[in-house]
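# A look at the structure
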Amino acid sequence: MTVRPALTHAALAAGLALLAGAAGAQTVLKIGYSTTKESHYGVGSTVFCDAIAKGTANRYSCQQFPNNALGGEREMIEAVQLGTQDLVNTSTGPLGNFVPESKIFDIPFLFRNYDHARKVMDGPIGQDVLKKLQTKGLIGLAWTENGFRHMTNSKRPIHAASDASGLKIRTMENKVHMAGYKTFGLLPTPMPFPEVFTALQQGTVDGQENPIPVILSSKFSQVQKHLSLTGHVYSPAVIILSPNVWSKLSDADKKVFTDAAAAAAVAQRKKVNDDEANGIAQLKKEGMLVDEKVDGDSFRKAVAPAYAEFAKEFGADKIAAIQAVK
Ligand code: EAX
């Protein structure tokens, strides 16, 4: 009499185990980024996450952490390197501290426009650097995009480089940017992104610089009066995966992940385009005074002498090779 129920339990347990086996192991990957779910990073990350879920029949899926929920970009890259976070969709701002080869892309006025920048990132030069991430315990899946960066501040309109002189501006933790911005007369103050809104609000810094999609989604219009479309530097972004996850993927799954990241890049760049096209009107509506016809030559002239330093650091030939991409 006592045997029968025990058998039933055993049969039930075996049945459950079978069911679980049929469904397969399910892995939920944590992906973090700085801005909102609706922003360019959210759009790209959602395309990536949907594609890996579809391509692996839900064996892999994501939990998204927008709005700096997992920390600043440097912290997130570190966590991905350690394997305590699976994925990050991040600007290259702090990436040079891990992969020095990526710093060349941070030179001000290196790229002429979006077409040029995307061609370089997707071409042999960009892809070589993407592969270099592997040597630092990071798997670069694809270059996504943050966008060309523009200056905002609370003090005065910036039309020419001389207007920038003396303004205290928050920069990313990026030595190339800081060196470049000093030539404009700015006083660069490096700071992780999660602290920027408060620093602007409290006047710890006068301004900051970021692409339109970031200025929009982070509501900087609430704390900044002036926007100048300086486009002084291109800000690439990248989806990075932890090697812990990568090393467990089959070749077929690896292809699903890289294809998903490529699709994410297309969607994220399209969102950057859309924000560049529509966001400026929105920012004006929110009260910002926008200089759309900045004296770009004054900035290019100011930074020109720093190119000698950049050439020493990165090689004049490497810089020229990027400039030569048509
Ligand atoms: O990647 O730190 C920055 O200003 C970045 O542009 C922002 O985190 C989005």
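Refer to the structure presented above.
Bear in mind the structure is a predicted one, so any value in this text is a computation, not a measurement. (Residues numbered from 1 in each chain as written. Predicted model: local features only at pLDDT ≥ 70, side-chain atom pairs only at ≥ 80, totals over all residues. Heavy atoms only, no water.)

## What about helix H11 (residues 251-285)?
The criterion, for reference: By definition, any uninterrupted DSSP run of H or I lasting at least four residues is a helix, any uninterrupted run of E lasting at least two residues is a strand, and each is numbered from the N terminus. Helix span is expected to be 1.5 Å times the residue number reduced by one. Two axes are fitted around each residue, one to the seven residues ending there and one to the seven starting there, and the angle between them is reported as the bend at that residue.
When the terminal C-alpha atoms of H11 are compared, their 50 Å separation across 35 residues agrees well with the 51 Å that a helix rising 1.5 Å per residue should span. Of all the bends in H11, the largest measures some 45° and sits at Asn278. Taken from the residues just after H11, Gly287 is the one with a positive phi, measuring 105°.

## Examining the pairing of strand S3 (residues 87-91)
Rules: A simple rule labels every residue: compare its accessible area, found with a 1.4 Å probe on the protein chains alone, to the largest value its type can have, and call it buried under 20%, exposed over 50%, or partly exposed in between. Pairing between two strands requires that DSSP report at least two bridges joining them.
Of all the five residues making up S3, five are buried; the element is thus mostly covered by neighbouring parts of the structure. Pairing geometry for strand S1 (residues 27-32) and S3, over two bridges, is parallel. Its bridge partner lying in S3, Gly32 is registered against Val88. Both S3 and strand S8 (residues 226-241) contribute to a ladder of five bridges, which runs antiparallel.

## Thoughts on the site of the ligand
So the rule is basically this: Nearness here has a simple test: a residue counts as near a molecule or strand if at least one of its heavy atoms is within 4 Å of that partner. Identification of polar contacts relies on pairs of N or O atoms within 3.5 Å, with a donor-acceptor requirement for protein atoms, meaning one able to donate a hydrogen and the other able to accept it, and with residues adjacent in sequence counted only if both atoms are side-chain atoms. Only protein atoms enter the 1 Å grid used here, on which a cavity is any set of points holding a 1.4 Å probe that cannot leave and a pocket is any open set flanked by protein within 12 Å on both sides along at least five of seven lines; residues with an atom within 4 Å of a point are listed as lining. By definition, a pocket or cavity contains a molecule when more than half of the molecule's atoms lie within 2 Å of the pocket's grid points. Residues are sorted three ways: Asp, Glu, Lys and Arg are charged, Ala, Val, Leu, Ile, Met, Phe, Trp, Tyr, Cys and Pro are nonpolar, and all the rest, Gly among them, are polar.
Near the ligand you find Ser34, Tyr41, Glu73, Ser91, Asn146, Arg149, Arg170, Met172, Phe193 and Asn210, and these make up its full shell. The separation between an oxygen atom of the ligand and a polar side-chain atom of Arg149 is 2.9 Å. Contacts to the ligand include Asn210, whose side-chain N or O atom sits 2.6 Å from an oxygen atom. Assessed atom by atom at 2 Å from the grid points, the ligand resides in the largest cavity. The class makeup of the residues in the shell around the ligand is three nonpolar, four polar and three charged.

## Let's talk about empty space enclosed by the protein
Summary: where empty space remains is shown by rolling a probe the size of a single water molecule over the atoms. Filter applied, for reference: Grid points are joined across faces, edges and corners, and a volume is the space filled by probe spheres set on the points.
Scanning the entire structure with this criterion turns up three cavities of 30 Å³ or more. As a volume, the largest cavity reaches approximately 80 Å³. The wall of the largest cavity is formed by Ser34, Thr35, Tyr41, Glu73, Ser91, Asn146, Arg149, Arg170, Met172, Phe193, Asn210 and Val214. When grouped by side-chain class, the residues that make up the lining of the largest cavity number four nonpolar, five polar and three charged. When its volume is computed, the second largest cavity comes out at roughly 60 Å³. Every residue along the wall of the second largest cavity is listed here: Gly72, Glu73, Arg74, Pro94, Arg170, Met172, Glu173, Met191, Pro192 and Phe193. A per-class count over the lining of the second largest cavity returns five nonpolar, one polar and four charged.

## Some words on the layout of surface pockets
Empty space within the largest pocket amounts to approximately 320 Å³. Those elements that place two or more of their residues in the lining of the largest pocket are helix H4 (114-122), strand S4 (139-153), S8 and helix H12 (296-303). Among the elements that line the lining of the largest pocket, the one with the most residues is S8, at three residues. Computed from the structure, the second largest pocket encloses a volume of approximately 260 Å³. Around the second largest pocket sit Pro100, Glu101, Ile104, Phe105, Ile125, Asp128, Val129, Lys132, Phe314, Lys318, Ala321 and Ile322, which together line it. At four residues, the largest contribution of residues to the lining of the second largest pocket is made by helix H5 (residues 124-132).

## Notes on the nonpolar core
Here is the rule we go by: The nonpolar core is taken to be a set of buried Ala, Val, Leu, Ile, Met, Phe, Trp, Tyr and Cys residues, with the residues joined through side-chain atoms within 4.5 Å. In what follows, a contact means two residues having at least one pair of non-hydrogen atoms within 4.5 Å.
Counting 47 residues, the largest nonpolar core has Leu95, Phe105, Ile107, Phe111, Leu138, Phe184 and Ile240 as its most contacted members. Setting aside anything within four residues of it in sequence, one finds Phe105 in contact with Leu110, Phe111, Val120, Met121, Ile125, Gly126, Val129, Trp143, Tyr234, Pro236 and Ile322. The next biggest cluster of nonpolar side chains, apart from the first, holds 20 residues, and it includes Ile31, Leu87, Ile139 and Trp246.

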